Amino acid sequence: MFNAVISDALQLGPFTLPSLGNAGAFGFANGLLNASVDPLSRRASFGVQAPQASPSLTNPFAALADRFRNSASNLLQGLTPGSDAFGTGEAGPVLSAAPALPAIPQLAFLSPIPLLQQLERLGAVNGSLSALDGGSQLTPVANLQNTANSLRKLASSGYSRLTNLVPGMHSGIEQFAQTIQTVASPQLWRNLSSNRAERLSQGLNTLASGLADVLVNLPNITDVPAAANSSDRKNPHFYPGHNVIVHLFEWKFEDIALECETVLGPAGFGGVQVSPVSEAIRAPNRPWWERYQPISYEIRSRSGDERQFAEMVHRCQRAQVRIYVDIIANHMAANGTSVPFYGTGGSPSDPSRRLYPGVPFNRTHFHPDCLIASYQNASEVRNCQLGGLPDLNQTEPYVQQQFADLMNRLIDLGVAGFRMDASKHMWPGDLASIYQKLKPLNIMFDYPPFATPFIYQEVFDLGGESVTAAQYTDLGTVTEFKYSLYVGSIFHSALPASNLQALAAANATKFGLLASESALVFVDNHSNQRSHGVASELILTHKDLPQYVQAVAFTLANDYGTVRLMSSYAFEANDQGPPADALEQILPPGFAENGSCLNGWVCEHRWPVFRRLVAHRNFVLPAGLTDIQATNETFAFCRGNIGFAVFNAGTVTRDLVVRTCLPAGEYCDLITGEKQDTHCTGTRVLVNQDTTVSLTLPAGSSLVLDLRNRVL
């Protein structure tokens, strides 16, 4: 245990928060663990009470102590007087004149000061501390509350043998959780400078993460719950106020990082799907599909290396944008024009002999060669070659471990989850075994303890085959390709607009779609926009205006599924790779004067209408879809009493009177513009006292309103 002389400290349970009286030192102690940090003397004390129940339990607790020690330097750096972590007044850094703490022998717990009194004392020094801004003040609070809830859940369920193995551990975890919950007070965090708040939040979460590391590795606990279940894997871990994944197809890591900072974070996007990061073949003319033929699992692709990837994840995290990586686990690269066949990182391979020394894989790690003759035969679909690509045998534990090692390395680097390419061609049980080997997400990237990666699995299912998307929903989210077909058919006027009601969250399963919580939805993706798949002529892409804008607008205004938006480059041939220079280096998208992309990039996510609609989705997300009003050509709905959308998917102009569910007033339409001060940059719409609006809606057009864009 540890002790500190506290003259005027702020005690919250066993935690002591930085204040003038204790020179900024803080610490925690209970029967399980202890830690203290003194910024003035630059001392840190970290300890673990190793249990006496079994000598074999000591090593996991040593790992916890190591994690504490590894975090000490960061905490000290962030809390050192004179650094940006402390607010400054006219007299300079607040804590610069505070007395140093004496040596730390032993602790006797102090009685907690009532919370109101603590906050009053914090208020007394508030003039010397910077107030957090509206956006950042919520983040550490939300993170700590998630941490407390996770720890409390761990202590209360699933570890029934915990107390017998380690006396006092159960109560220690609960005490730790209660302390963090108490610390997670918005009133308290408003009185800390933003850097100081971030460091303190990071420190507390590090302690919780260390505790998690120990508990999930405790031996002889047979009733510990699985690391994740399907509902855990369906959480994309968006930051509060952020939503929608954008696929920055074929972008370089450094360009993605800049996009997170300048476009995606400010616009409220939730995350980025990056193209496969593993070393892959260098095919002639550099087609896009070379990424989908791996040679090794080193992070060395056309987008950049592991260092550049890690920097991108950090920069995107600071912009509150998550990263999801496309994983190729079904197959390896096919034969090249010569042997050895080299990859983007220089690794050799001999696909005809199934030799990939960069992993390494040999013929024993693959299924016997066969072709898929019938998609009615699930064994052929999952055990034979997709497009002639060497088919890995994921039932082999060694093969499973290679994927788990890659994904765990990416988790360590801060990613939030994964797209699992060609999941349809792998057995669900084999995928489940891979997922069970994955670590919790890295808590240092603002994830709560025990958070599991978001998993979305590519299963092309339009019905009538032996392998279905529903066979994978127990493992996580699944791509809902039927959504692309339906929404494309409706806005192509091939189906009545009234069919859009099938795509509402409450109705989807009645019409053969996946449940909303299990579905990843999109208007187009990198594959079907290149005429791949059945009924591809009905798929809408950026080449189909204005129908494409309508389909994406409906998808963002609707309440179904986790939405992914495609961001493309211009192409004529289906195999065409990304814009590149004479040295085959991918060109940056750049910024035109109007904010759009250059160098052959389409960048749908930068289109002003889509950026406005992402903000709309973030705003209306808590409200379900209500008051559907449908005809064969038009479709309207409310989002509670805070949002409204109407679409004319027909071929002629329609005069409409529809309910908006919004308070009476004048609103700015988000399809054509937005609110600026008391003006609209686009169409201005009058909502009547009875919440109705009278419209003349041209064919192929739509209208979206919300309370944020009410001007009168």
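The preceding data block contains the structure.
Residues numbered from 1 in each chain as written. Predicted model: local features only at pLDDT ≥ 70, side-chain atom pairs only at ≥ 80, totals over all residues. Heavy atoms only, no water.

On to the nonpolar core, then. Generally speaking, soluble globular proteins have nonpolar side chains that are buried together. Counting residues in hydrophobic clusters, the biggest one holds 129 residues, and the most contacted among them are Phe309 and Ile323. Ranked by residues supplied to this core, first place goes to helix 14 (residues 547-557) with eight residues. Among all residues touching Ile323, those that are not within four sequence positions of it are Ile256, Val272, Val274, Phe309, Met312, Val313, Cys316, Val415, Ala416 and Gly417. Cys638, Val685, Val693 and Leu695 belong to the second-largest nonpolar core, a separate cluster that totals 16 residues. (Core = buried A, V, L, I, M, F, W, Y, C linked by side-chain atoms within 4.5 Å. Buried < 20%, exposed > 50% of the residue type's maximum accessible area, 1.4 Å probe, protein only. Helix = DSSP H or I, 4+ residues; strand = E, 2+ residues; numbered from the N terminus. Contact = heavy atoms within 4.5 Å.)

Turning our attention to unusual backbone geometry. The step from Val359 to Pro360 runs through a cis peptide bond, and the omega angle for that step is 0°. Mapped onto the elements of the fold, Pro360 is located in the loop between strand 13 (322-328) and helix 10 (378-383). The backbone of Asn285 sits at a positive phi, close to 70°, despite the residue not being glycine. On the basis of relative accessible area, Asn285 is assigned to the exposed category, the value being 75%. For Glu584, which is not glycine, the phi dihedral falls at a positive 65°. Looking at where Glu584 falls in the secondary structure, it is placed in the loop between strand 18 (562-567) and helix 15 (608-620). On the basis of relative accessible area, Glu584 is assigned to the partly exposed category, the value being 30%.

Along the chain, Asp559 falls in the loop between helix 14 and strand 18. One buried charge, Asp559, has no salt-bridge partner; the nearest side chain with opposite charge is Arg639, at 5.3 Å. Among the polar contacts listed, one links the side chain of Asp559 to the backbone nitrogen of Ala505, at a separation of 3.0 Å. Polar contacts involving the side chain of Asp559 include one to the main-chain amide nitrogen of Leu625, which spans 3.2 Å. In contact with Asp559, not counting residues within four places along its chain, are Ala504, Ala505, Ser516, Gly624, Leu625 and Arg639. (Lys, Arg positive; Asp, Glu negative; His and termini not counted. Salt bridge = Lys/Arg side-chain N within 4 Å of Asp/Glu carboxyl O. Polar contact = N/O pair within 3.5 Å; in protein donor to acceptor, adjacent residues only side chain to side chain.)

Now for the sheet that holds strand 10 (residues 278-280). Taking strand neighbours across the sheet as the criterion, the three strands line up as 10-11-12 in an open arrangement whose pairing is antiparallel. The outermost strands of the open sheet, each flanked by one partner alone, are strand 10 and strand 12 (304-305). Here two bridges tie strand 10 to strand 11 (residues 294-301), and the two strands are oriented antiparallel to one another. Residue pairing in the sheet places Ser278 in a bridge with Ile299 of strand 11. Its contacts with the sheet put helix 11 (residues 397-412) on strand 10 and strand 11, and the angle it makes with strand 11 is roughly 10°. (Pairing = 2+ DSSP bridges. Axes fitted to C-alpha atoms, helices over the stretch in contact; angles between N-to-C directions.)

All right, on to the packing of aromatic side chains then. Scanning the entire structure with this criterion turns up 27 aromatic pairs. Aromatic side chains Phe249 and Tyr569 sit 5.7 Å apart centroid to centroid with 5° between the ring planes, which places their arrangement in the stacked category. Placement of the pair is Phe249 in the loop between strand 8 (243-248) and helix 8 (253-267) and Tyr569 in the loop between strand 18 and helix 15, with a sequence separation of 320 residues. Each member of the pair Phe249 and Tyr569 is classed as buried. Residues Tyr324 and Phe454 carry aromatic rings whose centres are separated by 5.7 Å and whose planes lie at 75° to one another, so their mutual orientation is edge-to-face. Placement of the pair is Tyr324 in strand 13 and Phe454 in strand 15 (residues 454-457), with a sequence separation of 130 residues. (Phe/Tyr/Trp six-rings, centres within 6.5 Å; stacked < 30°, edge-to-face > 60°.)

Next up on the list: the environment of Ala515. By the secondary structure assignment, Ala515 is in the loop between helix 13 (481-491) and strand 17 (519-521). Separated by 42 residues in the primary sequence, Ala515 and Thr473 have C-alpha atoms spaced 9.1 Å apart. Beyond its immediate sequence surroundings of up to four residues, Ala515 is in contact with Thr509 and Tyr560.

Following the criterion strictly, the structure yields five disulfides and no others. Through a disulfide, Cys260 is tied to Cys316; the S-S separation comes to 2.1 Å. With the S-S bond torsion at 85°, the cross-link from Cys260 to Cys316 turns out right-handed. Here Cys260 is found in helix 8, whereas its partner Cys316 is found in helix 9 (residues 306-318), with 56 residues between them in sequence. When its relative accessible area of 0% is taken as the criterion, Cys260 is described as buried. Disulfide pairing is shown between Cys668 and Cys680; the S-S distance is 1.9 Å. One disulfide, between Cys668 and Cys680, carries an S-S torsion of -85° and so falls in the left-handed class. Taken together, the residues span a long stretch of sequence, with Cys668 in strand 23 (residues 665-668) and Cys680 in strand 25 (residues 679-680) at a distance of twelve residues. With its disulfide-bonded cysteines labelled consecutively along the sequence, the chain is connected as 1-2, 3-4, 5-6, 7-8, 9-10. (Disulfide = S-S within 2.5 Å.)

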